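Residue-level structure breakdown
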Amino acid sequence: MADQDYYKLLGVSKTASEDEIQKAYRKAARKYHPDLHVDQPEREKEKTKQQFQKIQQAYDVLSDPQKRQMYDQLGPGFENMSGAGGGNPFGAGSPFGNAGGFDFSQIFGGGGGGGAGGFEELFRQMGGGPGGGNQRRARPTKGQDLEQEITVPFNVSVLGGSHHLSFQRRNGKVENIDLKIPAGIESGKKIRLRGQGGKGGQGGPDGDLLVIVKVAPHPSFTRKGLNLHVNVPVTLLEAIEGAKIDVPTPYGTVSLTVPPGSSSGKSLRLKGMGIKEKNRSGDLFAILQIVIPNQANPEDIELLKRLGEEWNMEEPRGELIW
């Protein structure tokens, strides 16, 4: 990591605020978190894992004011300068100590033990040096938010219901959750499960689990906003003389009146039979589709021709233009 620029790793400037650093870290962590790349080849998974570790280390330094100050002054190598005991690497016993009577206070100012702004003060900020000690306590950090994607049936997205979610955490543990699907949810919406994400650090709160919902298509119904649309087949006779037909809806079967002389494509509105929300409801639009027999004998065709002449029908494509 010594050759890495922590600011570039997180994609922020050197003057970035703590809030900007935290937002950049969350964005990068979501991109490279190993739990989100379980389907990658092993080589790619390892690369992703290494990148995530670099991002984590960069955040650990830049989110800590003291570490960030030392990093800005000394670069990534500052973490290796305090030694195993946390003492002054330029003190007694080091190759840069006071051998030959050299006094570092001549460079950094101050007398004796080093005054304000002196070399000893510099190492007090690092957690070492006389009277220094590690006075910084690790701050609680919120756990990583995780994301999972599910696909629910169309009727569940309209009426609501439950969905069984099973996923594997980073530590290999398999979680099983019975998820409540709210009525009227659309594809792309997220359900937040608080505290179901990654573990928090130093007593911090656990992260959240964000469930991205996708809705499976329906063989007959489609959705447009809060409205539902369904194609309803009718016979030629039902379209010509009118009829009462049964139409399924999310809330049960209803009787629909087909007006006499209806053509294919005519839309009949069933008010309030669409998506229902707390303060409003959509409608269901039944689109009539006239069904023609696959085979017709010559007598039937001749009869239709005579009927067309008697009805004196207008050219059906007269208004069809480009």
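Residues numbered from 1 in each chain as written. Predicted model: local features only at pLDDT ≥ 70, side-chain atom pairs only at ≥ 80, totals over all residues. Heavy atoms only, no water.

1. Re the pattern of salt bridges
Applying the stated rule across the entire model yields 15 salt bridges. In this structure, the salt-bridge partner of K23 is D19, at a minimum N-O distance of 3.4 Å. Here D19 and K23 lie together in helix α2 (residues 18-32), a separation of 4 residues that amounts to about one turn. On the basis of relative accessible area, K23 is assigned to the exposed category, the value being 55%. We classify D19 as partly exposed; its relative accessible area is 42%. Each of the salt bridges in this network shares a partner with another, and the network as a whole consists of K142, D145, R192, R194 and D208. (Salt bridge = Lys/Arg side-chain N within 4 Å of Asp/Glu carboxyl O. Helix = DSSP H or I, 4+ residues; strand = E, 2+ residues; numbered from the N terminus. Buried < 20%, exposed > 50% of the residue type's maximum accessible area, 1.4 Å probe, protein only.)

2. Let's talk about the packing of α2 against helix α3 (residues 42-62)
In the contact formed by α2 and α3, the axes pass within 9 Å of each other and the chain directions differ by 165°. In terms of axis orientation, α2 runs roughly antiparallel to α3. As for the relative orientation of α2 and α3, their crossing is left-handed in sense. Contacts between α2 and α3 involve I21, Q22, Y25, A28, A29 and Y32 from the former and T48, Q51, F52, I55, Q56, Y59 and L62 from the latter. Grouping the constituent residues of the contact of α2 with α3 by class yields 9 nonpolar, 4 polar and no charged. (Axes fitted to C-alpha atoms, helices over the stretch in contact; angles between N-to-C directions. Parallel < 35°, antiparallel > 145°, perpendicular 65-115°, else oblique. Left-handed = near helix turned anticlockwise from the far one by under 90°. Contact = heavy atoms within 4.5 Å. Nonpolar A, V, L, I, M, F, W, Y, C, P; charged D, E, K, R; others polar.)

3. Concerning the nonpolar core
Membership of the largest hydrophobic core comes to 19 residues, with the highest contact counts inside it found for V230, V232, V234, I245, L256, L284 and L288. Of all the secondary-structure elements, those providing two or more residues to this core are α7 (154-159), β7 (227-235), β8 (243-249), β9 (252-258), β10 (267-270) and β11 (284-291). With 4 residues, β7 is the largest single contributor of residues to this core. Not counting residues up to four positions away in its chain, the partners in contact with V232 are I245, V247, A286, I287, L288 and Q289. Residues L10, A16, A24 and A58 belong to the second largest nonpolar core, which totals 18 residues. (Core = buried A, V, L, I, M, F, W, Y, C linked by side-chain atoms within 4.5 Å.)

4. Describing the pairing of strand β6 (residues 221-224)
Bridge count for β6 against β7 is 4 bridges, and the pairing is antiparallel. In the sheet register, K224 faces β7, and the bridge partner there is N227. (Pairing = 2+ DSSP bridges.)

5. What about the sheet that holds β10?
The 4 strands lie next to each other as β6-β7-β11-β10, forming an open sheet whose pairing is mixed. Two strands close off the open sheet at either side, each with one partner strand: β6 and β10. When the angles between neighbouring strand axes are averaged without regard to direction, this sheet yields 30°. Relative to β11, β7 runs parallel, the two sharing 8 bridges. Opposite H229, over in β11, you have F285 as the bridge partner.

6. Comments concerning the packing of aromatic side chains
Tallied over the full model, the rule gives 3 aromatic pairs. When the ring of Y6 is compared with that of Y71, the centres are 4.6 Å apart and the planes differ by 15°; the resulting orientation is stacked. Pair noted here: Y6 is in helix α1 (residues 6-10) and Y71 is in helix α4 (residues 65-74), with a separation of 65 residues, a long-range link. Under the relative-accessibility criterion, Y6 is labelled buried at 0%. Of the residues examined, Y71 reaches a relative accessible area of 8% and is grouped as buried. The interplanar angle of 50° and the centroid separation of 5.9 Å between the aromatic rings of Y7 and Y71 together place this pair among those described as tilted. Of this pair, Y7 sits in helix α1 while Y71 sits in helix α4, and the two are 64 residues apart along the sequence. With respect to class, Y7 is no different from Y71; both count as buried. In this structure an aromatic cluster arises from ring pairing among Y6, Y7 and Y71. One Lys or Arg, K276, reaches over the ring of Y251 and ends 4.6 Å from the middle of that ring. (Phe/Tyr/Trp six-rings, centres within 6.5 Å; stacked < 30°, edge-to-face > 60°. Lys NZ or Arg CZ within 6 Å of the ring centre and 35° of its normal.)

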